[in-house]
Amino acid sequence: MSIQNRVKEIQQRIEAAALRSGRAVADIHVIGVTKYVSTERTVEALHAGVLELGENRWQVAKPKWEYIHEHKDKLPEPIWHYIGSLQSNKVKDVVGRFDYIHSLDRISLAEAIQKYAEKHDLTVKCFIQVNVSGEQSKQGLNPEEVMAFAEQLQGYDRIIPVGLMTMAPFEMKAEQTRPVFAGLRKLRDELLRQLGADCTIRELSMGMSNDFEVAIEEGATYVRLGTSLIGTEEDEG
Ligand SMILES: *Cc1c(COP(=O)(O)O)cnc(C)c1O
């Protein structure tokens, strides 16, 4: 299927999920995850109106990022999301190139981001990654650590914490993911209540190809779609 048709189909499914839960479609951002595909298909996605792009490794993102950057006069300008786990020594690759980091999950990483951003006079929008499901293999803070972490982040003026991010366990059926996403929403509401009007942590980055409709019903404001929206190598001509 062409990306154009995929975009239409996914848009309809998003609209239906928004309607079911009484939400505005305009509040839901779609991140097209391009990590499985070529530069060519990534550019095709941009032309099809997918203007927010997600990648989880700089090495994989690099040719696409550089091509799009070099052709910025001729191409729609994307918003770049870094959605993979981030080692502190890779901060230099990501900060300044990506508009959002979805995987802030420890103070040592905040230190590294702050230091690099200060040196280059930048600010970085970050999601705090939370391991809601409690799976051993998953990145992210435990839910009970998030409040203290958010308070600590107030000391890092180059970091703008914009929301929370989570991933549901891969093997879960869509409907089983609901408590995970509801859990992240409740945590966000709790932060807003406790940290008050200054709290900038409002967005919820949750939902992937197999569970995004449930995530939207539970309040997702950013869904991250690879396979379903952009496709994989197998979909490339
Ligand atoms: C790969 C990836 C996605 C997209 O996965 P699909 O199931 O292909 O939609 C979303 N979020 C993260 C963090 C990823 O690494």
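Conventions used here
Residues numbered from 1 in each chain as written. Predicted model: local features only at pLDDT ≥ 70, side-chain atom pairs only at ≥ 80, totals over all residues. Heavy atoms only, no water. Helix = DSSP H or I, 4+ residues; strand = E, 2+ residues; numbered from the N terminus. Buried < 20%, exposed > 50% of the residue type's maximum accessible area, 1.4 Å probe, protein only. Contact = heavy atoms within 4.5 Å. Core = buried A, V, L, I, M, F, W, Y, C linked by side-chain atoms within 4.5 Å. Expected span 1.5 Å × (residues − 1). Bend = angle between axes of the 7 residues up to and from the residue. Axes fitted to C-alpha atoms, helices over the stretch in contact; angles between N-to-C directions. Parallel < 35°, antiparallel > 145°, perpendicular 65-115°, else oblique. Left-handed = near helix turned anticlockwise from the far one by under 90°. Nonpolar A, V, L, I, M, F, W, Y, C, P; charged D, E, K, R; others polar. Polar contact = N/O pair within 3.5 Å; in protein donor to acceptor, adjacent residues only side chain to side chain. UniProt positions renumbered as here; feature names shortened; annotations may be inferred. Salt bridge = Lys/Arg side-chain N within 4 Å of Asp/Glu carboxyl O. Pairing = 2+ DSSP bridges. Right-handed = clockwise from strand over helix to strand, strands pointing away.

**Here we look at the environment of Val95**
Looking at the secondary structure, you find Val95 in the loop between helix H4 (91–94) and strand E4 (100–104). Of the residues examined, Val95 reaches a relative accessible area of 3% and is grouped as buried. Between the alpha carbons of Val95 and Gln154 there is a distance of 19 Å; along the sequence they are 59 residues apart. When neighbours within four sequence positions are excluded, Val95 is seen to be in contact with Ile101, Ile113, Tyr116, Ala117, Leu122 and Val124.

**Let's talk about the nonpolar core**
Formed by 67 residues in total, the largest nonpolar core has its most connected members in Ile101, Leu104, Ile113, Ile128 and Leu164. Residue contacts for Ile113: discarding those within four places in its chain leaves Val91, Val95, Ile101, Leu104, Val124, Cys126 and Ile159. Of all hydrophobic cores here, the second largest spans 8 residues; its members include Val33, Tyr100, Met165 and Tyr222.

**A word on helix H5 (residues 107–119)**
In this model H5 runs 18 Å from its N-terminal to its C-terminal C-alpha over 13 residues, within 8% of the 18 Å that 1.5 Å per residue would give. Three or more residues of H5 are buried, namely Leu109, Ala110, Ala112, Ile113, Gln114 and Ala117. Taken from the residues just after H5, Asp121 is the one with a positive phi, measuring 50°.

**Some remarks on helix H3 (residues 58–70)**
For H3, spanning 13 residues, the distance from its first C-alpha to its last is 17 Å, which sits close to the expected 18 Å at 1.5 Å a residue. Maximal helix bending in H3 amounts to about 25°, located at Lys64. What H3 keeps buried is the set Trp58, Ala61, Lys64, Trp65 and Ile68. For H3, the elements touching its buried residues are helix H2 (39–47), strand E2 (52–55), strand E3 (79–82) and H4.

**Points about the packing of helix H6 (residues 146–153) against helix H7 (residues 178–195)**
The interhelical angle for the contact between H6 and H7, taken along N-to-C directions, is 50°, at an axis separation of 10 Å. Compared by their axis directions, H6 and H7 come out oblique. As H6 packs across H7, the resulting crossing turns out to be right-handed. Of H7, the residues touching H6 (which contributes Val146, Met147, Ala150 and Glu151) are Leu187, Glu190, Leu191, Gln194 and Leu195. Residue classes in the contact of H6 with H7 are distributed as 6 nonpolar, 1 polar and 2 charged.

**Some points on the side chain of Lys64**
Structurally, the position occupied by Lys64 is in helix H3. For Lys64, a relative accessible area of 4% gives the class buried. For Lys64, the side chain forms a polar contact with the main-chain oxygen of Thr34, separated by 2.8 Å. If we skip the residues at most four places from it in the chain, Lys64 touches Thr34, Lys35, Val37, Ser38, Thr39, Thr42, Glu55 and Trp80.

**Thoughts on the UniProt feature "modified residue: N6-(pyridoxal phosphate)lysine" (unreviewed entry) in the chain**
Per the UniProt record, "modified residue: N6-(pyridoxal phosphate)lysine" (unreviewed entry) is annotated on Lys35. Within the secondary structure, Lys35 sits in the loop between strand E1 (29–33) and H2. With sequence-adjacent residues up to four places away left out, Lys35 is seen in contact with Gly54, Glu55, Asn56, Val60 and Lys64.

**Observations regarding the pattern of salt bridges**
Summed over the entire model, instances satisfying the criterion amount to 15 salt bridges. We note a salt bridge from Asp121 to Arg158, for which the minimum N-O separation is 3.0 Å. Placement of Asp121 in the loop between H5 and strand E5 (124–129) and of Arg158 in the loop between H6 and strand E6 (159–165) is noted, with a sequence separation of 37 residues between them. A salt bridge links Arg185 to Glu218; the nearest nitrogen and oxygen atoms lie 2.6 Å apart. Taken together, the residues Arg185 in helix H7 and Glu218 in the loop between helix H8 (212–217) and strand E8 (222–225) connect sequence positions 33 residues apart. Each of Arg20, Glu175, Arg178, Arg185, Glu217 and Glu218 takes part in salt bridges that share partners, so that together they form one network.

**As for the pairing of E6**
Most of E6 is tucked away: 6 of the 7 residues are buried. Here 6 bridges tie E5 to E6, and the two strands are oriented parallel to one another. If you follow Cys126 over to E6, its bridge partner there is Pro161. With respect to chirality, the unit in which E5 leads through H6 into the neighbouring parallel E6 is right-handed. Pairing of E6 with strand E7 (residues 203–205) involves 3 bridges; the strand directions are parallel. Counterpart to Leu164 in the pairing with E7 is Leu204. A crossover links E6 with its parallel partner E7, the connecting element being H7, and its sense is right-handed.

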